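Tertiary structure, described
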Amino acid sequence: MAFTDTIHDEADEFWSAILDHPMVVRLGEGSLDEESFRYWVRQDYVYLVEYSRLFALGAAKAPTLDSMGTFASLLESTVNEEMDLHRSYAAEFGIDTDELEATTPSPTTRAYTDFLVRTATLGSFGDIVAALLPCMWGFNETGRRLADAGVPDHDQYAAWVEMYAGDEFTELTDWCKALMDDVAASATESDRERYRDLFRTSAQYEYLFWDAAWRQEEWPL
């Protein structure tokens, strides 16, 4: 059985919890307070900067030329295309580039990105794939399930749902799941258990990232 099949039920519990979170429920309904989503957009910009480092480290640790090229391509497209798209999307909410650049990472954003970068720096190629998979898989599941329930009557929220439910992001998610399966197929049981732990941790942070935006989390002092 493929590795992602063995963790499917557990993963589904995370995705279902995210779908049940009031932030995501209201996003899907189109009734979410835009201030909460502006917070999410700003924090996601910070997250993407650090997430890009995973692709750089993944390219450096990739075991094959093909996977090296894919991670290099993901790095290039994230830094030079997705970041531009994010800035344009933020502008629709009245958030300019200076404000994005000045965003202070929330406690949750800091903890999540530090975990990812530390895992990618000190861990194996398989560890990197396991740690980044929940972001792709979780967003794809969230987008697809929200789309199945009906695209919200809010232009910006509808664009978010359609992007993560779309064919391009679904293909990227399927690629990452297949890569995880390939890496795990030749791994030891000890390695596979470590991959599960890393996956769980990232999936927990995915939930907490939504929750932090809902609460508009700030540092206490």
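Coordinates for the structure precede this section.
Residues numbered from 1 in each chain as written. Predicted model: local features only at pLDDT ≥ 70, side-chain atom pairs only at ≥ 80, totals over all residues. Heavy atoms only, no water.

Estimated volume of the largest pocket: approximately 780 Å³. Considering the residues around the largest pocket, the lining is formed by 27 residues, among which Glu82, Met163, Tyr164, Phe169 and Leu172 are closest to the centre. Breaking the lining of the largest pocket down by element, the ones donating at least two residues are α4 (34–61), α5 (65–91), α8 (125–149), α9 (155–165) and α10 (167–185). Each residue belonging to the lining of the largest pocket can be placed in one class, and the counts come to 18 nonpolar, five polar and four charged. (1 Å grid on protein atoms, 1.4 Å probe; cavity = no way out; pocket = protein on both sides within 12 Å on 5 of 7 lines; lining within 4 Å. Points joined across faces, edges and corners; volume = space filled by probe spheres on them. Helix = DSSP H or I, 4+ residues; strand = E, 2+ residues; numbered from the N terminus. Nonpolar A, V, L, I, M, F, W, Y, C, P; charged D, E, K, R; others polar.)

With respect to the element layout, alanine 147 can be found in helix α8. Sequence-wise, alanine 147 and tyrosine 205 are 58 residues apart; in three dimensions their C-alpha atoms are separated by 23 Å. With residues near it in sequence (within four places) discarded, alanine 147 still touches Val161 and Ala165. (Contact = heavy atoms within 4.5 Å.)

Our next topic: the nonpolar core. What tends to happen in soluble globular proteins is that the nonpolar side chains get buried as a cluster. In terms of nonpolar packing, the biggest core is built from 66 residues, with Phe37, Trp40, Tyr51, Phe71, Leu132, Trp160 and Trp210 touching the most fellow members. No other element matches the 12 residues that α8 contributes to this core. Beyond its immediate stretch of four places on either side in the chain, tyrosine 51 contacts Leu116, Leu132, Cys135 and Met136. (Core = buried A, V, L, I, M, F, W, Y, C linked by side-chain atoms within 4.5 Å. Buried < 20%, exposed > 50% of the residue type's maximum accessible area, 1.4 Å probe, protein only.)

It is worth spelling out empty space enclosed by the protein at this point. Enumeration according to the criterion identifies one cavity of 30 Å³ or more in this entry. Around the largest cavity, the lining residues are Asp44, Tyr47, Tyr112, Cys135, Phe139, Glu206 and Phe209. Elements supplying a minimum of two residues to the lining of the largest cavity: α4, α8 and α11 (189–215).

Okay, the packing of aromatic side chains next. In this structure the tally under the stated criterion is 29 aromatic pairs. Ring centres 5.4 Å apart and planes at 45° place the aromatic pair phenylalanine 37 and phenylalanine 93 in the tilted group. Residue phenylalanine 37 is located in helix α4, and its partner phenylalanine 93 is located in the loop between α5 and α6 (97–101); the two are separated by 56 residues in the primary sequence. Per residue, the accessibility class of phenylalanine 37 equals that of phenylalanine 93, and both read buried. With a centroid separation of 5.6 Å and 50° between ring planes, the pair formed by phenylalanine 139 and tryptophan 160 is classed as tilted. With phenylalanine 139 in helix α8 and tryptophan 160 in helix α9, this residue pair connects regions lying 21 residues apart in the sequence. For phenylalanine 139, a relative accessible area of 6% translates into the label buried. Looking at tryptophan 160, the relative accessible area reads 2%, which means it is buried. (Phe/Tyr/Trp six-rings, centres within 6.5 Å; stacked < 30°, edge-to-face > 60°.)

To continue, consider the state of the cysteines. Tallied over the entire structure, the rule returns zero disulfides. The thiol of cysteine 135 is unpaired, and the distance to the nearest cysteine sulfur, on cysteine 176, comes to 9.3 Å. Taking relative accessible area as the criterion, cysteine 135 reaches 9% and is therefore assigned buried. (Disulfide = S-S within 2.5 Å.)

Our next topic: unusual backbone geometry. Within the chain, glutamine 216 stands out as a residue other than glycine whose phi angle is a positive 50°. Considering the arrangement of structural elements, one finds glutamine 216 in the segment after α11. Overall, glutamine 216 belongs to the partly exposed group, its relative accessible area being 28%.

To continue, consider the packing of α5 against α10. The N-to-C vectors of α5 and α10 enclose an angle of 145°; their axes lie 13 Å apart at closest approach. Handedness of the α5/α10 crossing: left-handed. Between α5 and α10, the contacting residues are Thr70, Phe71 and Leu74 on the first element and Leu172, Trp175 and Leu179 on the second. Here the residues of the contact of α5 with α10 sort into five nonpolar, one polar and no charged. (Axes fitted to C-alpha atoms, helices over the stretch in contact; angles between N-to-C directions. Left-handed = near helix turned anticlockwise from the far one by under 90°.)

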